[in-house]
Structure formats: C-alpha cells, structure tokens
Amino acid sequence: STMSAKTSSGGEKEASGMRNETLGEAKRRQVIHVAYVIAALDLTLLFMQMGVMPYLAKSLGLDSVGFGYLQTIFGVLQLVGGYIFGRFADQFGARAALILSCASGSIFFLLMSLSTSIPLLFLSRLPGVFMHVIPGAQKVITDVTTPSQRAGALGKLGLCFGVGIIAGSAMGGVLSTKFGIYVPTYVGLVGSLINTLIAMVWIPSQTKPKSDHHMTEHSDLFSIREILRLMKFPGVMEVFIVKVFAGLPIGLFMIMFSIISMDFFGLEAVESGYLMSYFGVLQMVVQGLVVGKLAHHCTEMTLLRLSVIVFAGVGLGMALMRTVWHYCIIAVPLVFAFSMLATITDSILTKAVPSSDTGAMLGICASVQPLTRTVGPTIGGVLYKQFGVSSFGYLQLMVNLGLFVYLLKSKIPLGEMKSQ
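Here the structure is a predicted model, which is why all the values come from computation and not from measurement.

1. Structural notes on the packing of helix α16 (residues 358–366) against helix α17 (residues 368–387)
Here α16 crosses α17 at 25°, and the two axes come no closer than 4 Å. Viewed along their axes, α16 and α17 adopt a mutual orientation that is roughly parallel. Between α16, through I364, C365 and A366, and α17, the contact on the second element is made entirely by V368, Q369 and P370. Taken together, the residues of the contact of α16 with α17 break down into five nonpolar, one polar and no charged.

This is the structure in structure tokens:
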C-alpha cells in the first residue's frame, strides 16, 4: 500500500492535468450539475419522509421509545453502509454507486408504502444501508474536479441540502395532511425511480481520469485495516478528529431538537417546521455564497481554525440563550461553522489520500453523522434531562477550545496539499 501511495501522489499531479482530457470542460460541468440535481431530489424525498415518519409511526401505534429504536437502527445501518459504499464507489465507479443508492431509495419507499404494521416499518429501514446519495454525488464531484476547484464544488452541494430541507418539509406536511399519510411514500418511490434513471442516463461510467484506475486493488469491501491505512496518511487523523468532535455537542442538541423545541421553546409543530425552513435558507445562503468565496481567499487550515473558533462562540451563545429568538440569532454562526467545517474537512481529507481512495475516505466522512445519530439520542437525552439545554452549549465551548489548542499545536502538513 505504501507503493501505491507513492505512485498516486505523483499520479495526482498528472491526474489533475488529465481530468480535463478525459471529460471535456462542458461535459464535466454538465456531470457536476446532474450530481447536484440527483442530490437535491434525493434530499427533498428524504426530508419529506423524515417529516412524515413520526406521524406514520404513531398511527401504527409505535411509542416514542420505539421511534427512538427505529431512528437508531437507521443510523446504525447508515454507519455500517457508509464505508462499504465508499469502497464500492472506488471499485465500480461513481455511476454504479449512485445507481445502487437511488435503487435502494426506491426499495426503501416501496417498503415504507406497504408498512401497515410495526415490523414492516422496521423492515423498511433495511435498504438504508446503501442509501448514500450524498457521498455518491461527492464522489462524482471529487472525480471530475481538480483539487483546487474541489472545496467550492463540494460546498455547493450544501445548496441541495437547503433545497431539500425547505421543499421536503413543506411537501411532507402538505401531502400527508391533504391526501393521507401514505401519499408521500408513493411520491418518494416515483422520485427515487426517476433519480435512478437520471443517474443511469447522464452520469458517465468513467468519471475518474485514466491514470487513476490501475491503483485500486480489488480488496474486500470492508476492512478495519484499510480504514487504519487511510488514517495514517499525513494530516488525516488530526483533521478527522476535528471533524468528528467539533460539531458533536451541537449534533446532540439537533437530535434532541424536536423535544427541546416543544419543551424549552414551547413551539407548535408548524412553528417547528418554519424554524427548519429558516435553517434551510440559512444553509443555502452560507453554502452557496460564503463558503466558496472564502475557500478562494484563505488557506484551508485558516478556515478550519476559523470554524472551530466560531463553534466555540456558538457554544457560549447556546449556554446563555433563553428564547427561540436568541436561537434564531445563534443559528447564523452555527450554520456557518457547520457548513464550513463539513466542506473544508471533506476537501482536505480527499486531497490527503491517493485519488484511488477518495470514495472510501468520503464514505468514512459520511459515517460521522449516522454515528452522532446512533449514540446521540441516548447521550443527548441524559444531558438534557440532567443538566438542561445550557449543558450542550458549555460542552460545545469546552470541546472546541480544546480542539483549537490541538490544531495550533499539531503540525498538520497542509502546505503540500494547497500546491497540488
């Protein structure tokens, strides 16, 4: 593996030159846009089912504890699947991976539309193991962009999140109240099938430049040794630690949010929905306008430190907030830090590993969120019950001050990564 690492860092330089020859400039732009469309549609459907899910579960007689289990199962499946999916993408190409993901989404919605009992509802979570459209789209973008364009192009995927949150939340509410609780699942099924077709028709089977191909050995899809090998590349482990822990306390807060918005802020379901849409709009603005612009002007290391410091400030704000209006103000730097951290760490990490391993690296990155979702409800519940809302803020503040010191102390070799 060290040999392949050596050849690849040499290959990386030719590769960025070769990228443009493999696919023409116009074609590459088209492929990136198609990836955005697929991601936006997928996220819309996903947020739509998230909104409807609690009501569907309730109508089948599932209590809040059972619903927690349902979420955890989905989280675990996504966690296990993320890395396997990334490896799959490295070996069989981004197109195959996207098709697999969209097809899994179709099966997911099909099973969900047939869920007339609790066991069937649990069964419908199974395809979740391969539902990774975002890493799939990231993989396509990583394959067709040069390292210097990468942060900007990955950042724009955040726009798709905004679209998904806004359109999905609205659609889920309207469809389920106007036409019945199962209608969003039929819409989801049709949408996922359309997405599968888009991936088949418009994503080329060959997104990676030619020179990158010989390096991917067909190893088994899941091995701890492979993950450790990727973590050994210079700077990877440090940046990954920051990625996992910087947003963790707020991640816990977000998981508990449906409960907090009822208890602490005293919001109705509709107001909660508006708050989510506000988040969506913020995310679109930040990802679409701010992240790309800053990525042009500052080094990635500066931006990483910046997002950690902003996160610490957000923690202090959260510890002191009392009303939902305070929260709306805090949401601005919160969304900024989240978006910036996600984009910059993904970008740094894909550049730090050989291009034949980008899929696996994105897969590992994508499993950070399901990890939070899996352990989150338990830890978040304890924090909230024992120490109240402000505990999330203080935890956030302490963790990020620690990480900031860690970043200043650790010698992360990112100089070379800028030049490639």
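2. Comments concerning the nonpolar core
Judged by nonpolar contacts, the single largest core of 62 residues is most densely connected at F253, L304, Y327, M361 and F392. Of the residues forming this core, the biggest block, 15 residues, is contributed by helix α15 (residues 324–352). For M361, the residues in contact, after removing those within four places along its chain, are L230, M231, V236, F240, L349, T350 and V353. Counting residues in hydrophobic clusters, the runner-up holds 28 residues, among them I32, A35, L154 and I198.

3. Points about the pattern of salt bridges
Counted by the stated rule, this structure contains nine salt bridges. Taking the shortest distance from any N to any O, the salt bridge between D90 and K139 comes out at 3.2 Å. In this pair, D90 sits in helix α3 (residues 64–92) while K139 sits in helix α6 (residues 133–144), placing the two residues 49 residues apart along the sequence. Both residues of the pair, D90 and K139, count as buried. Several salt bridges share partner residues, and in doing so they unite R87, D90, K139, D143, R229 and D357 into one network.

4. Thoughts on the packing of helix α9 (residues 224–231) against α16
Between α9 and α16, whose axes approach to 11 Å, the crossing angle comes to 95°. Between α9 and α16, the angle falls in the class roughly perpendicular. For the pair α9 and α16, contact is made by I227, L230 and M231 and by A360, M361 and I364, respectively. For the contact of α9 with α16, a count of residues per class yields six nonpolar, no polar and no charged.

5. Some details on a nonpolar patch on the surface
A contiguous nonpolar patch, built from L197, M200, V201 and W202 and spanning about 420 Å² of accessible area, is present on the exposed surface. Note that W202 resides in helix α8 (residues 183–202).

6. Here's the deal with the packing of aromatic side chains
Throughout the structure, instances matching the rule amount to eight aromatic pairs. Look at F47 and F161: their rings are 6.5 Å apart centre to centre, the planes differ by 70°, and that puts the pair in the edge-to-face class. Linking F47 in helix α2 (residues 25–59) with F161 in helix α7 (residues 147–179), this pair joins segments that are 114 residues apart in sequence. Seen from their ring centres, F279 and Y327 are 5.8 Å apart, and the 35° between their planes marks the pair as tilted. Highlighted residues: F279 in helix α13 (residues 269–297) and Y327 in helix α15, separated in sequence by 48 residues. Judged by its relative accessible area of 11%, F279 is buried. Relative accessible area serves as the criterion here: at 1%, Y327 is assigned to the buried category. Aromatic rings pair up to connect F253, F279, Y327 and F392 into one cluster. Its end group placed over the ring of F74, R125 keeps NZ or CZ at 5.4 Å from the ring centre.

The rules we used
- Residues numbered from 1 in each chain as written.
- Predicted model: local features only at pLDDT ≥ 70, side-chain atom pairs only at ≥ 80, totals over all residues.
- Heavy atoms only, no water.
- Axes fitted to C-alpha atoms, helices over the stretch in contact; angles between N-to-C directions.
- Helix = DSSP H or I, 4+ residues; strand = E, 2+ residues; numbered from the N terminus.
- Parallel < 35°, antiparallel > 145°, perpendicular 65-115°, else oblique.
- Contact = heavy atoms within 4.5 Å.
- Nonpolar A, V, L, I, M, F, W, Y, C, P; charged D, E, K, R; others polar.
- Core = buried A, V, L, I, M, F, W, Y, C linked by side-chain atoms within 4.5 Å.
- Buried < 20%, exposed > 50% of the residue type's maximum accessible area, 1.4 Å probe, protein only.
- Salt bridge = Lys/Arg side-chain N within 4 Å of Asp/Glu carboxyl O.
- Patch = residues over 30% accessible without salt bridge, like charges linked within 9 Å, V, L, I, M, F, W, Y side chains within 5 Å.
- Areas by Shrake-Rupley, 256 points an atom, 1.4 Å probe, with all protein chains shown as cover.
- Phe/Tyr/Trp six-rings, centres within 6.5 Å; stacked < 30°, edge-to-face > 60°.
- Lys NZ or Arg CZ within 6 Å of the ring centre and 35° of its normal.

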